[in-house]
Amino acid sequence: EPEVTQTPSHQVTQMGQEVILRCVPISNHLYFYWYRQILGQKVEFLVSFYNNEISEKSEIFDDQFSVERPDGSNFTLKIRSTKLEDSAMYFCASSVQFSNQPQHFGDGTRLSIL
Amino acid sequence: EDQVTQSPEALRLQEGESSSLNCSYTVSGLRGLFWYRQDPGKGPEFLFTLYSAGEEKEKERLKATLTKKESFLHITAPKPEDSATYLCAVQGGDYKLSFGAGTTVTVRA
């Protein structure tokens, strides 16, 4: 069964450094998302992406964050100048359509900021 | 803003002991209500989509139902492998998923 894959599974970074989290969505999906889950808290929406543009973003997704689809298969989340509070699980998801269709999630990248 | 509340927070069941999980929601223009299963250290795994009140979906020992204000996930005769956190999420007019905090189910043999 097709699945969303994310790399790395765990990233440890010093505060203030930049990180790039990578995702390969399901191949026939056109809509892509990033969510995060701080330990013990709800899964929170960050951003949605379609046709090489951001469709929607949350208040969390400020100028520190950016997303990109650098080629036909990868979807990346970049966090500039990381902070301690960026420590979380980051999940990538994809769907066939924006509306009424399930979003399928990868197993996440655990980001630890020291 | 869309709100999702799940109860109980945790549920401990004996194998074979059926029970129900609740998801109450407020959303502007419901496009879909989604149930996911999440195992420790893994991403949410899609289970069901419900679109309108009265709709029901089933998969093995799981059955999801939907009303205008809440959804239930019924677990019939659970097995230890059904132990997981079950997440409810709603999609409203802005397309993003808003998740509840989840119900952690533990099934003892």
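It should be noted that the structure appears before, not after, this text.
Presented here is a report on the structure given in the accompanying data block. (Residues numbered from 1 in each chain as written. Chains lettered and ligands numbered in written order. Predicted model: local features only at pLDDT ≥ 70, side-chain atom pairs only at ≥ 80, totals over all residues. Heavy atoms only, no water.)

### Some thoughts on the overall build of chain A
For step 1, the next point in the chain: Looking only at helices and strands, one finds 0 helices and 11 strands in chain A.
For step 2, the next point in the chain: When the helices and strands of chain A are listed from N to C terminus, the series reads β-β-β-β-β-β-β-β-β-β-β.
For step 3, the next point in the chain: Taking 114 residues into account, the globule formula puts the C-alpha radius of gyration at 13 Å, and chain A, at 13 Å, falls close to it.
For step 4, the next point in the chain: Expressed along its principal axes, the backbone C-alpha trace of chain A runs to roughly 35 × 30 × 30 Å.
For step 5, the next point in the chain: For chain A, with 114 residues in total, the buried portion stands at 46%.
For step 6, the next point in the chain: A sequence separation of at least 24 residues applies to 54% of the contacts in chain A between residues at least 6 apart.
For step 7, the next point in the chain: On chain A, roughly 5,800 Å² of surface is accessible, and the fraction owed to carbon and sulfur atoms is 45%.
For step 8, the next point in the chain: The average position of the 9 basic charges and that of the 14 acidic charges among the side chains of chain A differ by 3 Å. (Helix = DSSP H or I, 4+ residues; strand = E, 2+ residues; numbered from the N terminus. Rg over C-alpha atoms; globule rule 2.2 N^0.38 Å. Buried < 20%, exposed > 50% of the residue type's maximum accessible area, 1.4 Å probe, protein only. Contact = heavy atoms within 4.5 Å. Areas by Shrake-Rupley, 256 points an atom, 1.4 Å probe, with all protein chains shown as cover. Lys, Arg positive; Asp, Glu negative; His and termini not counted. Charge placed at Lys NZ, Arg CZ, Asp CG, Glu CD.)

### Brief notes about the sheet that holds strand β6 (residues 56–59) of chain B
Sheet strands pair by backbone hydrogen bonding; their relative direction is either parallel or antiparallel.
Residue and element names in this part refer to chain B.
For step 1, the next point in the chain: Read from one edge to the other, the open sheet built from 5 strands follows the order β1-β3-β8-β7-β6, with strand pairing classed as antiparallel. Only two strands of the sheet have a single partner each, and these edge strands are β1 (3–7) and β6. Averaged over all pairs of adjacent strands, the angle between strand axes in this sheet comes to 15°, irrespective of strand direction.
For step 2, the next point in the chain: Both strand β7 (residues 62–66) and strand β8 (residues 70–75) contribute to a ladder of 5 bridges, which runs antiparallel. Paired with T65 across the strands is F72, a residue of β8. (Pairing = 2+ DSSP bridges. Axes fitted to C-alpha atoms, helices over the stretch in contact; angles between N-to-C directions.)

### Considering unusual backbone geometry
For step 1, the next point in the chain: Cis geometry is found at the peptide bond from T7(A) to P8(A), where omega equals -10°.
For step 2, the next point in the chain: Within the secondary structure layout, P8(A) lies in the loop between β1 (5–7) and β2 (10–13).
For step 3, the next point in the chain: For the peptide bond that leads from S7(B) to P8(B), omega is -10°, which places it in the cis range.
For step 4, the next point in the chain: In this model, N52(A) sits at a positive phi of 65°, which is unusual for a non-glycine residue.
For step 5, the next point in the chain: Inspection of the secondary structure puts N52(A) in the loop between β5 (43–50) and β6 (53–57).
For step 6, the next point in the chain: For E60(B), which is not glycine, the phi dihedral falls at a positive 55°.
For step 7, the next point in the chain: Tracing the sequence through the fold places E60(B) in the loop between β6 and β7.

### Concerning the interface of chain A and chain B
For step 1, the next point in the chain: Facing the 17 residues of chain A at the interface are 21 residues of chain B.
For step 2, the next point in the chain: Across the chain A to chain B interface the summed buried area is about 1,700 Å²; carbon plus sulfur atoms make up 54%.
For step 3, the next point in the chain: Among the residues chain A hides against chain B, the three largest losses belong to K42(A), N100(A) and F105(A). Together they make up 29% of the total.
For step 4, the next point in the chain: Summed over the shared surface of chain A and chain B, the number is 1 salt bridge.
For step 5, the next point in the chain: Between D107(A) and K42(B) there is a salt bridge whose closest N-O contact spans 3.7 Å.
For step 6, the next point in the chain: Where chain A packs against chain B, one counts 8 residue pairs in polar contact (both at pLDDT 80 or more).
For step 7, the next point in the chain: Class assignment of the residues belonging to the side of chain A that touches chain B gives a composition of 7 nonpolar, 7 polar and 3 charged. (Buried area = accessible area lost by both parts, 1.4 Å probe. Salt bridge = Lys/Arg side-chain N within 4 Å of Asp/Glu carboxyl O. Polar contact = N/O pair within 3.5 Å; in protein donor to acceptor, adjacent residues only side chain to side chain. Nonpolar A, V, L, I, M, F, W, Y, C, P; charged D, E, K, R; others polar.)

### Examining the pairing of strand β5 (residues 45–50) of chain B
For step 1, the next point in the chain: Here 5 bridges tie strand β4 (residues 32–38) of chain B to β5(B), and the two strands are oriented antiparallel to one another. Bridged to L33(B) within β5(B) is L50(B).

### A look at the pairing of strand β9 (residues 84–91) of chain B
All names here are of chain B.
For step 1, the next point in the chain: Counting buried positions along β9 yields 8 of 8 residues, so the element is predominantly enclosed.
For step 2, the next point in the chain: What you see with β9 is no split at all: A84, Y86, C88 and V90 on one side and T85, L87, A89 and Q91 on the other are buried throughout.
For step 3, the next point in the chain: In this sheet, β9 lies alongside β4 in antiparallel orientation, the contact comprising 7 bridges. Each bridged residue has a counterpart across the sheet, and for R37 the counterpart in β9 is Y86.
For step 4, the next point in the chain: Looking at chain direction, β9 and strand β11 (residues 103–108) are connected through 3 bridges and run antiparallel. Opposite A84, over in β11, you have V105 as the bridge partner.
For step 5, the next point in the chain: Across 3 bridges, β9 lies against strand β10 (residues 97–99) in antiparallel orientation.

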